[in-house]
Amino acid sequence: MCGGKTFYLETFGCQMNVHDSEKVIGTLLHEGYRQVETVEQADLILYNTCSIRDKAEQKVFHRLADYKKLQAEGKKFGVLGCVAQQEGEKIFDRAPHVSLVCGSASYRNLPQMLEQLETAGDTASHPSRKERGLSGAPTLTDPHDSRPRTQDSPLVRITGLDDRATDKCFETEYAARTNPHRGYITIIEGCDKFCAYCVVPFTRGKERSRTSDSVLAEARQMADLGYTEIQLLGQNVNSYKDPQGKCSFAELLAAVGEVPGIKRLRFTTSHPRDFGRDIVEAIDAVPTLCDHVHLPVQSGSNKILDAMQRLYTREAYLERIAWMKSAGRHIAITTDVIVGFPAETEDDFMQTLNLLDEVGYDGIFSFKYSPRPNTPALKLDDAIPDEEKSRRLEVLMQRQKEIQIANYKKYIGTVQEVMVEGKNDARNQWIGRTTQNKTLNFTVPDAQVPQVGTYVKVRTIQSFPNSLLGELVV
Ligand code: SF4
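Analysis parameters
Residues numbered from 1 in each chain as written. Predicted model: local features only at pLDDT ≥ 70, side-chain atom pairs only at ≥ 80, totals over all residues. Heavy atoms only, no water. Helix = DSSP H or I, 4+ residues; strand = E, 2+ residues; numbered from the N terminus. Buried < 20%, exposed > 50% of the residue type's maximum accessible area, 1.4 Å probe, protein only. Contact = heavy atoms within 4.5 Å. Patch = residues over 30% accessible without salt bridge, like charges linked within 9 Å, V, L, I, M, F, W, Y side chains within 5 Å. Areas by Shrake-Rupley, 256 points an atom, 1.4 Å probe, with all protein chains shown as cover. Salt bridge = Lys/Arg side-chain N within 4 Å of Asp/Glu carboxyl O. Lys, Arg positive; Asp, Glu negative; His and termini not counted. Charge placed at Lys NZ, Arg CZ, Asp CG, Glu CD. Axes fitted to C-alpha atoms, helices over the stretch in contact; angles between N-to-C directions. Parallel < 35°, antiparallel > 145°, perpendicular 65-115°, else oblique. Left-handed = near helix turned anticlockwise from the far one by under 90°. Expected span 1.5 Å × (residues − 1). Pairing = 2+ DSSP bridges. Near = heavy atom within 4 Å. Nonpolar A, V, L, I, M, F, W, Y, C, P; charged D, E, K, R; others polar. Phe/Tyr/Trp six-rings, centres within 6.5 Å; stacked < 30°, edge-to-face > 60°. Lys NZ or Arg CZ within 6 Å of the ring centre and 35° of its normal.

Chemist: Is there a simple way to explain the side chain of Ser366 in this structure?
Modeler: Within the element layout of this structure, Ser366 appears in strand 13 (residues 363–368). On the accessibility criterion, Ser366 (16% relative accessible area) is buried. With residues up to four places along the chain from it excluded, the contact list for Ser366 reads Val337, Leu393, Leu396 and Met397.

Next up, the structure:
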């Protein structure tokens, strides 16, 4: 136990990381730490990192550099998550004041690591690999070996990938969920797809699913605690394979959606290759499944999809879109797009623009391609100038904005059920989220005060490119 120790944790990246941070926070609280709001108040400063894009990775090192001076006050620094996994010991070369490096598969070992930090007591900088006379690529220690390293850097704990297919990969015992109404459940970790641009298979390891029994047990436990919305998570959530062989992903969706008390069930992120028609049928059949699917396409050009090693064609992707559009419910569709992938021509880019029109997405996350360590695309010539990538991104976002303006307009006059998420005091508006994952802000009559976490009906009166405005239906 660590007495009155405090920690500060900043999270970068995706929902998987947000949920991992909830597990880290839960573990630290259980170990006697107290969470604080600022770096200055903390004894232990942690960054849960993302390495999907270079920008996100750089941000972490900037943070570490900015706060390095606080080491003189005895503060300790830790790097968690994907950059920790990807960079390993190299982190100590770039930021020698870091005392702890821990990959996402090893958070269940955090109590021992914290003990090491506590007992070693020495917060002096670690010598870099060079200073220690080490050369060559840094090595990762065996992830299954929890013995402390005692050589020249006693506080260092490097963790490898944990590819074991066990429910322990999904340690949730101490998850400190930040929202009391809506919570995440990780059902599958890692990725076997190896898209040419992506670091995830190298940072999160092989695909491994959690048993459906364990997922359902956690869903029931959450419902008992008052959660009404659950989001199932996985890098490729729909590649889920029940180790017990009891159910498919679509059947798991139905089973979790039928847990008494659950009003909304979401899942993200889906991979187009593994997206079966049974998922759409489950959405149609189970009222608690939300009317929203995030299906990353990345490019509208078959040539680029092939170079990206995405394992599907534009035609196969559009077939899945057609299934959703023919569903009984109005399923909102969102996606991810990368522009400027090596060898993307103007014609390839136009095919992506044309795909946006054809699908009529409700939202997209778009990015410029940036080379990432270890990825197959590093071998390709990243010859498209950054200005050209920026131009394509701008054109893409403008086109999508027009599509969204038209899409959002269609909601004017409709009544939507929203979960109340909070209040924007400055605007005197309440914030709601629809089943289609749209933000629907709303006003209420003076005497009414909606409870956060409840579900209310709202009549839509105005639309914007990214949100709706309405009034509470009394
Ligand atoms: S499917 Fe591709 S983009 Fe998604 S996590 Fe796996 S390798 Fe990365």
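Chemist: Can you walk me through a negative patch on the surface in this structure?
Modeler: A cluster of acidic residues, Glu251, Asp278, Glu281 and Asp284, forms a negative patch at the surface. Considering each element in turn, the negative patch owes the most residues, 3 residues, to helix 9 (residues 277–285). For Asp284, a relative accessible area of 37% puts it in the partly exposed group.

Chemist: How should I be thinking about the packing of helix 7 (residues 212–224) against helix 8 (residues 249–257) in this particular structure?
Modeler: The description of two helices packed together rests on the angle between their axes and the distance between the axes. With their axes 10 Å apart at the nearest point, helix 7 and helix 8 run at an angle of 25° to one another. Here helix 8 runs roughly parallel to helix 7, going by the angle between their axes. Helix-helix and strand crossings are classified by hand; for helix 7 and helix 8 the assignment is right-handed. For the pair helix 7 and helix 8, the contacting residues are Ser212, Val215, Leu216 and Ala219 in the first and Leu252, Ala255 and Val256 in the second.

Chemist: I'm lost on helix 13 (residues 386–409) in this one. Help?
Modeler: Given 3.6 residues to a turn, an α-helix orients residues that are three or four positions apart in the same direction. Taking 1.5 Å of rise per residue, 24 residues should cover 34 Å, and helix 13 covers 34 Å from first to last C-alpha, within 8% of that figure. Taken as a whole, helix 13 has its buried residues at Lys389, Arg392, Leu393, Leu396, Gln400, Ile403, Gln404, Asn407 and Tyr408. Residues of helix 13 that are buried sit in contact with strand 12 (332–339), helix 12 (346–359), strand 13, strand 17 (455–463) and strand 18 (467–472).

Chemist: Looking at this structure, how should I read the pairing of strand 15 (residues 429–434)?
Modeler: Two faces belong to every sheet, and in a regular strand the side chains alternate between them. Counting buried positions along strand 15 yields 5 of 6 residues, so the element is predominantly enclosed. Inspection of the sheet shows strand 14 (residues 415–424) paired to strand 15 by 6 bridges, in the antiparallel sense. For Lys423, the partnering residue across the bridge sits in strand 15 and is Trp430. Connecting the antiparallel pair strand 14 and strand 15 is a turn made up of 4 residues, with Asn428 showing a positive phi of about 55°. Pairing of strand 15 with strand 16 (residues 439–443) involves 4 bridges; the strand directions are antiparallel.

Chemist: What is the right way to read the site of the ligand from this model?
Modeler: Contacts to the ligand come from Cys191, Lys193, Phe194, Cys195, Tyr197, Cys198, Val200, Pro201, Asn236, His271 and Arg310. Split into classes, the residues belonging to the shell around the ligand amount to 7 nonpolar, 2 polar and 2 charged.

Chemist: I'm lost on the environment of Gly205 in this one. Help?
Modeler: One can find Gly205 in the loop between helix 6 (200–204) and strand 8 (208–209). C-alpha of Gly205 to C-alpha of Glu189: the two residues are 16 residues apart in sequence and 7.8 Å apart in space.

Chemist: Could you clarify how one ought to interpret unusual backbone geometry in this entry?
Modeler: Leave glycine aside and you will find that most residues have negative phi; peptide bonds, for their part, are mostly trans. In this structure, Thr269 follows Thr268 across a cis peptide bond, with omega equal to 0°. In this fold, Thr269 is placed in the loop between strand 10 (264–268) and helix 9. The phi dihedral of Phe194 falls on the positive side, at around 55°, and the residue is not glycine. Considering the arrangement of structural elements, one finds Phe194 in the loop between strand 7 (188–189) and helix 6. A relative accessible area of 36% means that Phe194 is categorised as partly exposed. If you check the backbone angles, Asn437 has positive phi at about 65° while not being a glycine. Here Asn437 shows up in the loop between strand 15 and strand 16.

Chemist: Explanation requested: the packing of aromatic side chains in the structure shown.
Modeler: Both the distance between ring centres and the angle between the ring planes are used here to describe each pair of aromatic rings. What the rule picks out here adds up to 7 aromatic pairs. With a centroid separation of 6.4 Å and an interplanar angle of 50°, the aromatic rings of Phe12 and Tyr47 are classed as tilted. Here Phe12 is found in the loop between strand 1 (6–11) and helix 1 (15–30), whereas its partner Tyr47 is found in strand 3 (residues 44–49), with 35 residues between them in sequence. For the pair Tyr197 and Phe341, a centre-to-centre distance of 6.3 Å together with 80° between the ring planes defines the contact as edge-to-face. In this pair, Tyr197 sits in the loop between strand 7 and helix 6 while Phe341 sits in the loop between strand 12 and helix 12, placing the two residues 144 residues apart along the sequence. A relative accessible area of 11% places Tyr197 in the buried class. One aromatic cluster in this structure is built from Tyr197, Phe341 and Tyr369. Across the ring face of Tyr455, the terminal group of Lys263 is positioned such that the distance to the ring centre comes to 4.9 Å.

Chemist: Is there a simple way to explain the packing of helix 11 (residues 314–325) against helix 12 in this structure?
Modeler: Two numbers describe how helix 11 lies on helix 12: the axes approach to 11 Å, and their chain directions differ by 15°. The angle between helix 11 and helix 12 falls in the class roughly parallel. Note on packing geometry: the crossing formed by helix 11 with helix 12 is right-handed. On helix 12, the residues that touch Arg314, Tyr317, Leu318, Ile321 and Lys325 of helix 11 are Gln351, Asn354, Leu355, Glu358 and Val359. The residue makeup of the contact of helix 11 with helix 12, split by class, is 5 nonpolar, 2 polar and 3 charged.

Chemist: Help me understand the pattern of salt bridges in this model?
Modeler: Where charged atoms of side chains with opposite charge meet at close range, the side chains can pair. Evaluated as defined, the whole model comprises 30 salt bridges. Arg63 is paired through a salt bridge with Glu10; the nearest N and O atoms lie 2.5 Å apart. Of this pair, Arg63 sits in helix 2 (residues 54–66) while Glu10 sits in strand 1, and the two are 53 residues apart along the sequence. The class of Arg63 is partly exposed, set by a relative accessible area of 24%. What makes Glu10 buried here is its relative accessible area of 16%. One salt bridge connects Lys75 with Glu73, and the closest N-O pair in it is separated by 3.9 Å. On the basis of relative accessible area, Glu73 is assigned to the exposed category, the value being 56%. Within the structure, one salt-bridge network assembled from shared partners comprises Glu344, Glu346, Glu388, Arg391 and Arg392.

Purely spatial values, then, with no claim about function.
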